[in-house]
Amino acid sequence: QVQLVESGGGLVQAGGSLRLSCAASGRTFRPYAMGWFRQAPGKEREFVATIRWSVGSTFYADSVKGRFTISSDNAKNTVYLQMNSLKPEDTAVYYCAAKVSYDSQYNYWGQGTQVTVSS
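Residues numbered from 1 in each chain as written. Predicted model: local features only at pLDDT ≥ 70, side-chain atom pairs only at ≥ 80, totals over all residues. Heavy atoms only, no water.

## Focus on the pattern of salt bridges
Here comes step 1: Counted under the stated rule, the structure contains four salt bridges.
Here comes step 2: Between K65 and D62 there is a salt bridge, with its nearest N and O atoms 3.1 Å apart.
Here comes step 3: Assessed through its relative accessible area of 48%, K65 is described here as partly exposed.
Here comes step 4: The salt bridge involving D90 is made with R67; its shortest N-O contact spans 2.8 Å. In this pair, D90 is assigned in the loop between β8 (78-83) and β9 (92-99) and R67 in the loop between β6 (58-60) and β7 (68-73), connecting sequence segments 23 residues apart.
Here comes step 5: Salt bridges here are not isolated pairs; linked through shared partners, they connect R38, E46, R67 and D90. (Salt bridge = Lys/Arg side-chain N within 4 Å of Asp/Glu carboxyl O. Buried < 20%, exposed > 50% of the residue type's maximum accessible area, 1.4 Å probe, protein only. Helix = DSSP H or I, 4+ residues; strand = E, 2+ residues; numbered from the N terminus.)

Next comes the structure, spelled out in structure tokens:
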């Protein structure tokens, strides 16, 4: 069974930076894509960024484009989210997720890590 564990969240001032990590465990880990999502209090979960595991192509939500960077270390079964120029509206619980095939939804989810950006 695949397990995803996020880390790196915390409290940061507006304009600061933070790097999130998502480590995957499992006998084999060969996702089609990995993604980051976030959910603020009282709001729906929203897409942040995704990366194709084998080719490394990336896609970002407009709200974070130019500020956030998703990357992966396939040998370590780990995906990262580098967050720069953070804004208070970035405050949310950030979740890592894995998509096992092109036709599938995101099947596996981590427990989330809290990111709080103060003004």
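## A look at the pairing of strand β1 (residues 3-7)
Here comes step 1: Where burial is concerned, the two faces of β1 differ: the one with L4 and E6 is buried and the one with Q3, V5 and S7 is not.
Here comes step 2: Judged from the five bridges that link them, β1 and strand β3 (residues 18-25) form a sheet pairing that is antiparallel. Looking across to β3, one finds that E6 is bridged to C22. (Pairing = 2+ DSSP bridges.)

## Points about the packing of aromatic side chains
Here comes step 1: Within this structure, the stated rule accounts for seven aromatic pairs.
Here comes step 2: Ring geometry for F29 and W53: centres 5.5 Å apart, planes at 85°, overall edge-to-face. Here F29 is found in the loop between β3 and β4 (33-39), whereas its partner W53 is found in the loop between β5 (46-52) and β6, with 24 residues between them in sequence. Of the two residues examined, F29 and W53, each falls in the buried class.
Here comes step 3: An angle of 50° between the planes, with centres 4.9 Å apart, marks the rings of F37 and W109 as tilted. One end of the pair, F37, is in strand β4; the other, W109, is in strand β10 (residues 106-109), and 72 residues separate them in sequence. (Phe/Tyr/Trp six-rings, centres within 6.5 Å; stacked < 30°, edge-to-face > 60°.)

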